[in-house]
Amino acid sequence: QVRLVESGGGLVQAGGFLRLSCAASGSIFRINVMGWYRRAPGKQRELVATITSGGSTNYADSVKGRFTVSGDNAKNTVHLQMNSLKPEDTAVYYCNAHILPSSGTYYLDYWGQGTQVTVSS
C-alpha cells in the first residue's frame, strides 16, 4: 500500500504565503516525480509544479516566480512554498507522485486526499 498525506493548507489574505507538504509512505521502491496539482471551483484540475528525483522542476506559467517546489528523496516528501498568493490561487491542492511500488513492475500515479487553500482579497 502506498499513501500520500498532505498538510499545510488554510486561509490567507492576498499577498500572503503558505507552505504545503506531502509525505509518501508505504511499500515504495522508487519515486521519480512528485508534485502538486490544483482544482479550483468549476474548473478542471491543473498542474501547479513538479519535481523529479534528479531535481528538475516544472511550473505552471501562472505560478512562476511565486511558488517554489522542493523535495527530499530520502524522506519521500515534496513541499510547495507559495508566496504572493492571489485570490485566483484558491483551490484544492493535490499531491501527486509517480511511484514504483516495492511489489510492482510499473510506475503508478498516486494522489493525496487534497488540502484546501483559500486566498481572500
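Within any chain, residue numbers begin from 1 and follow the written order of that chain's sequence. Since the coordinates come from a predicted model, pLDDT governs what is reported: local features require at least 70, and pairs of side-chain atoms require 80 or more to be given and counted, while whole-chain, interface and lining totals use all residues. Note: side-chain values were computed over all heavy atoms of the structure, leaving out hydrogens and water.

Draft legend 1. Structural view of the pattern of salt bridges. Salt-bridge detection follows one rule: a side-chain nitrogen of Lys or Arg within 4 Å of a carboxyl oxygen of Asp or Glu. One pass over the structure, following the stated rule, counts four salt bridges. A salt bridge links Asp-61 to Lys-64; the nearest nitrogen and oxygen atoms lie 3.1 Å apart. Ionic contacts of the salt-bridge type, sharing partners, join the residues Arg-38, Glu-46, Arg-66 and Asp-89 into one network.

Draft legend 2. Broad picture of the state of the cysteines. Disulfides are defined in this document as cysteine sulfur pairs within 2.5 Å. Taken as a whole and assessed by the stated rule, the structure comprises one disulfide. There is a disulfide in this structure between Cys-22 and Cys-95, and the S-S distance comes to 2.1 Å. A torsion of -80° about the S-S bond marks the disulfide between Cys-22 and Cys-95 as left-handed. Taken together, the positions of Cys-22 in strand β3 (residues 18-26) and Cys-95 in strand β9 (residues 91-101) put the pair 73 residues apart, joining distant regions of the chain. Numbering of helices and strands runs from the N terminus; a helix is a DSSP stretch of H or I covering at least four residues, while a strand is a stretch of E covering at least two.

Draft legend 3. Seen up close, the environment of Lys-86. On the secondary structure map, Lys-86 appears in the loop between β8 (77-82) and β9. Sequence separation between Lys-86 and Gln-13 is 73 residues, and the spatial gap between their C-alpha atoms is 8.1 Å. Residues within four places of Lys-86 in sequence aside, it is in contact with Arg-66 and Val-119. Between two residues, a contact is recorded if the distance between any of their heavy atoms is within 4.5 Å.

Draft legend 4. Here's a closer look at the packing of aromatic side chains. Pairing of aromatic rings covers Phe, Tyr and Trp, the last counted by its six-membered ring, and requires centre-to-centre distances within 6.5 Å; plane angles under 30 degrees mean stacked, over 60 mean edge-to-face, and any other angle means tilted. With the rule as written, the count across this model stands at one aromatic pair. With 5.1 Å between their ring centres and 70° between their planes, Tyr-37 and Trp-111 make a pair best called edge-to-face. In this pair, Tyr-37 sits in strand β4 (residues 28-39) while Trp-111 sits in strand β10 (residues 108-111), placing the two residues 74 residues apart along the sequence. Two conditions define a charge sitting above a ring: the NZ of Lys or the CZ of Arg must be within 6 Å of the ring centre, and it must be within 35 degrees of the ring normal. The lysine or arginine in question, Arg-45, covers the ring of Tyr-94, its NZ or CZ lying 6.0 Å from the ring centre. The ring of Trp-111 carries Arg-45 above its face, with NZ or CZ at 3.8 Å from the centroid.

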